[in-house]
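# Descriptive structure summary
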Amino acid sequence: MNETMEGLKRSIYCGLLTDEYEGRQVTLTGWVNRRRDHGGVIFVDLRDREGLVQVVFAPEMGEELFAKAESVRNEYVLAVCGKVRKRPEGTVNPNMATGDIEVMVGDFRVLSTAKTPPFYIEDEIDVDEMVRLKYRYLDLRRPQMQKSLFLRHRVVKCMRDFLAEQGFIDIETPVLINSTPEGARDYLVPSRLHEGKFYALPQSPQIFKQLLMVAGMDRYYQIARCFRDEDLRADRQPEFTQLDVEMSFVSRDDVLTTTEEMIARLYSQEFGYEIKTPLPRLSYQEAMDRFGSDKPDLRFGMELINIAEEVKDSDFKVFRQVIERGGNVKGINAKGCAGYSRKEIDDLTKFAGIYGAKGLAYFVITAEGVKAPITKFFTPEQVEGIVKKMQGEPGDLLLFVADEPSVVAASLGHLRLELAKQLNLVDKNEINLLWVVDFPLLEYDAEEKRWSAMHHPFTSPVEEDLALMESDPGRVRACAYDLVLNGVEIGGGSIRIHRREVQEKMFNNLGLSQEEAQEKFGYLLDAFQYGVPPHGGIALGIDRLIMLMAKRETIRDVIAFPKTQSAMDLMCQAPSKVEAKQLRELHIKTTSSPSK
RNA sequence: GGAGCUGUGGUGUAGUGGCCUAACAUGCCUGCCUGUCACGCAGGAGAUCGCGAGUUCGACUCUCGUCAGCUCCGCCA
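As the structure is a prediction and not an experimental result, all values here were calculated from the model.

## Side note on the nonpolar core
In terms of nonpolar packing, the biggest core is built from 45 residues, with Phe319 and Phe363 touching the most fellow members. Those elements that provide at least two residues to this core are helix H9 (317-324), strand E13 (328-334), helix H10 (342-354), strand E14 (361-366), helix H11 (380-389), strand E16 (397-403) and helix H12 (405-422). When near neighbours in sequence (up to four residues on either side) are disregarded, Phe319 contacts Ile307, Val311, Val329, Ala361, Phe378, Phe400 and Ala402. Of all hydrophobic cores here, the second largest spans 44 residues; its members include Leu163, Val245, Ile275 and Ile495.

Right, dumping it as structure tokens:
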């Protein structure tokens, strides 16, 4: 039933056919996007990765062939041979790139019949993602998905070209490595040859790229697959792709500048958009203070404003006590939202609660003055002071959170984003890039009661904070930086520690004993005894970057075969059970019941 | 580990205790149709309403559990 390509050769992609081919005999191949059977004549839109073209089946081709044409259905794979011609007057389709021409089919073959697909192969579909993922190969036929993958290809190619020009070389690092403490949960791979031992899949090629610097490669890059066994999000998959870069004998600004140039070239090449460099830089502290986030979206204002000074002497116990305990009281001004209903404010309160806020205080500013249940705790002067600090005007809604600093930042920071969404404050076409710099080197893990590296254990402290490492580790700034695009972290890196004594201090702060450090990272420490260049680098999240460039809401849309939120591949059904024999070879026994 | 939303022919939806013997659109099948392009017209097939309990005289509808998908919190150097 299915015919072969024997003796046929495609002349051109369907979507690339132009009127320059008029009068010429061509062979086209593709999928039947849609057929319109008029009885005496059949129109078929033939689709390939470049687009559509209309091919026409008319009875002149002969009875037998025409009968075959009548049996053609959607998604059949055809090879058609025919003459390109201008469409008759009045039948040109201006909505179609190839709408002024068509191919009069003289002969054709059905290379493959097809079942009716479970959903339409077209953009703007509204199909349950479960179905799309199960039939991902059909989902990927949709032009929009193909465009995303083409975009991804061009972006990665542009990166490679740029980096090659700059003297970076592409080096692969192993995928089977050893598990390390710190950081995300590792994916483990049992060893058959070493009973009871495991490889881990890399969370990033971090240590290897640093060893490549010790090896004198000077400038390295890799499009690296990374693995983290943590829960998924719209912008987090268990395996994802990073552009991993490392360079020797450089300062922080060398890394930033190189990255900026690359990103600028990307946008220039892809959209003809000129990004102004150098990009703005915001310290972590300032980002947290003003936006409640270390990846602030600067496409709109509505900054967090500290009103501790204005409320510290008020009768409002909630605020006062928080301040006395070292907490923050901050607010945001939702311009023009004074008309929000009780329920809308309740919803905002609930929303703030997700991030730990125990309440959401508010002022409604009307022409007659401030209206709110809590005004009674403040003197008129205090109310006025708060309104002034918040730059409140009649018609505004002021929202306040009082809590420990991290809760205030998280709740107001997210509330700010939520309100921007509701009020449509974001220009979707704006491209807002910035660096967040001067991250803390360490953060305190309350659960484990110890310091842990905010970036990773090889991040260098900034020189002038070195002395604080023993006296006040929480205040040490790291020579680390994140690249933020429209409120999404798309990359991060640091200048690394290249001095053994600083590295030891770092391990010390992390509560790693000399022995533990030697056991886990000994090879890096050893390497550092043999001449290590100062070095630093960055890793960019390719999936997230492409997601933003393609204006998609989830990285699943720019990954060919992504996993669901429960880390399953609905198409191939991974993960799956394995044979008992395989487990025996790996010296593994599972604890779950065999029926499961 | 937790919160929320969703689950009804292939697909997208409607149906808030009896009107449901489950509706609409689209897709699919059959027939007609020589200029359509979301072709048109006529007819037809197709659903134990995610799964399991419970409440009820009666459950697509209410309750509980469970599974799956999505969003989020925790987690993610």
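## Some points on the domain arrangement of chain A
As assigned here, chain A comprises domain 1 (14-112), domain 2 (146-173 + 207-282 + 433-558) and domain 3 (300-422). Computed over C-alpha atoms only, the centres of domain 2 and domain 3 are separated by 36 Å.

## Topic: the sheet that holds strand E4 (residues 77-86)
With mixed pairing, the five strands of this closed barrel are ordered in space as E1-E2-E3-E5-E4. Pairwise comparison of adjacent strand axes, ignoring direction, gives a mean angle of 55° for this sheet. Pairing of strand E3 (residues 51-57) with strand E5 (residues 101-112) involves two bridges; the strand directions are parallel. Note that in E5 the partner of Val55 across the bridge is Val103.

## What to know about the pattern of salt bridges
Inspection of the entire model under this criterion finds 49 salt bridges. A salt bridge links Glu129 to Arg556; the shortest N-O distance between them is 2.6 Å. Placement of the pair is Glu129 in helix H2 (residues 129-134) and Arg556 in the loop between helix H16 (542-549) and helix H17 (580-585), with a sequence separation of 427 residues. Classification of Glu129 as partly exposed rests on a relative accessible area of 24%. In this structure, Asp403 engages Lys358 in a salt bridge whose closest nitrogen and oxygen atoms are separated by 3.0 Å.

## Considerations on the protein's contact with RNA strand B
The environment of RNA strand B is formed by 52 residues, the closest being Thr91, Glu102, Ala453, Met454 and His455. At 3.1 Å from a sugar or linking oxygen of RNA strand B is found a main-chain nitrogen or oxygen belonging to Pro118. In this structure, a phosphate oxygen belonging to RNA strand B sits 2.7 Å away from a main-chain N or O atom of Asp128. When residues of the surface near RNA strand B are traced back to their parent elements, those giving at least two are strand E1 (25-37) and H2. Among the elements that line the surface near RNA strand B, the one with the most residues is E1, at three residues. In the surface near RNA strand B, the residues fall into 18 nonpolar, 16 polar and 18 charged.

Rules used in this analysis
- Residues numbered from 1 in each chain as written.
- Chains lettered and ligands numbered in written order.
- Predicted model: local features only at pLDDT ≥ 70, side-chain atom pairs only at ≥ 80, totals over all residues.
- Heavy atoms only, no water.
- Core = buried A, V, L, I, M, F, W, Y, C linked by side-chain atoms within 4.5 Å.
- Buried < 20%, exposed > 50% of the residue type's maximum accessible area, 1.4 Å probe, protein only.
- Helix = DSSP H or I, 4+ residues; strand = E, 2+ residues; numbered from the N terminus.
- Contact = heavy atoms within 4.5 Å.
- Domains from an automatic or database assignment.
- Pairing = 2+ DSSP bridges.
- Axes fitted to C-alpha atoms, helices over the stretch in contact; angles between N-to-C directions.
- Salt bridge = Lys/Arg side-chain N within 4 Å of Asp/Glu carboxyl O.
- Near = heavy atom within 4 Å.
- Polar contact = N/O pair within 3.5 Å; in protein donor to acceptor, adjacent residues only side chain to side chain.
- Nonpolar A, V, L, I, M, F, W, Y, C, P; charged D, E, K, R; others polar.

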